[in-house]
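# Breakdown of the fold
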Amino acid sequence: MSISTVRARRPLAALLLLSAVLPLTACGQQRVAAGAPSTPHSSGPSSYGASPYVEPGAQDGAPHYRDNNAGRQPRDMSPGSKKDAQREADRIEPVLKRLWKQATWDPDSVRAALLALGYKEQRTGTEGEQPGGQLDVRGMEPRFKDDHYVTLPGARIGLRVHPDACVTAFVRQTNYQVQVNGPYLESGCFEPPFAH
């Protein structure tokens, strides 16, 4: 083979090599051949760019959302327990509304007003046992504001109606709220703070 033949084949070899490498560098890009019918992109989990690990119902689409937030999910209530909890919520709501209008939202005042309805304060023994009572009134959780944590004035209420049913509520300067929910795995009637 002559040197001129070898030099003539180099551009051809380079062209063949380049045509083989270009499709490999387009990894992850969807191509539609000319004349082929195109299909619109779906917004489901199988669409381009969607994670195959997204759990149905995950709030932000994060993988393992439910596993990572299991302690932040309230347990299920039976229909009867939910009905009983709603009845107690309906008793508590007018008291919190009155306290809110009076600008009285400190935990001691809120506790006294709810004990007047006949609830018993929940107590914890020296060994962590719960000798009785169903009402727990606490101050508000600290919140990160600007560059530090602050604890705003107000009270959080947890009322254990049944082992599977709670009334949770709060009253503070800006508003008040009463709702029913199942208990949380580690924190009872109160929603646990974020761990991470």
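My aim in this report is to walk through the structure given alongside it, one point at a time. Quantities reported herein were computed from a predicted structural model and do not represent experimental measurements.

Here we come to the sheet that holds strand S4 (residues 154-162). Taken together, 4 strands build an open sheet; the order of strands is S1-S4-S5-S6 and the sheet is antiparallel. Bordering the open sheet on either side are strand S1 (135-139) and strand S6 (176-181), each of which pairs with just one other strand. The average angle at which neighbouring strand axes cross in this sheet is 15°, direction not considered. Of the strands in this sheet, S1, S4 and strand S5 (165-172) are in contact with helix H4 (residues 107-115), which crosses S1 at around 165°.

Turning to the packing of aromatic side chains, a few remarks are in order. One pass over the structure, following the stated rule, counts 1 aromatic pair. Over the ring of Phe190 we find Arg156, and its NZ or CZ is 4.8 Å from the ring centre.

Summed over all chains, the structure comprises 1 disulfide. Disulfide pairing is shown between Cys166 and Cys189; the S-S distance is 2.1 Å. Disulfide Cys166-Cys189: the torsion about the S-S bond is -75°, which places it as left-handed. Separated by 23 residues along the polypeptide, Cys166 in strand S5 and Cys189 in the segment after S6 bring together distant segments of the chain. According to the relative accessible area criterion, Cys166 is buried, its value standing at 0%. Under the relative-accessibility criterion, Cys189 is labelled buried at 7%.

Procedures and definitions
- Residues numbered from 1 in each chain as written.
- Predicted model: local features only at pLDDT ≥ 70, side-chain atom pairs only at ≥ 80, totals over all residues.
- Heavy atoms only, no water.
- Pairing = 2+ DSSP bridges.
- Helix = DSSP H or I, 4+ residues; strand = E, 2+ residues; numbered from the N terminus.
- Axes fitted to C-alpha atoms, helices over the stretch in contact; angles between N-to-C directions.
- Contact = heavy atoms within 4.5 Å.
- Phe/Tyr/Trp six-rings, centres within 6.5 Å; stacked < 30°, edge-to-face > 60°.
- Lys NZ or Arg CZ within 6 Å of the ring centre and 35° of its normal.
- Disulfide = S-S within 2.5 Å.
- Buried < 20%, exposed > 50% of the residue type's maximum accessible area, 1.4 Å probe, protein only.

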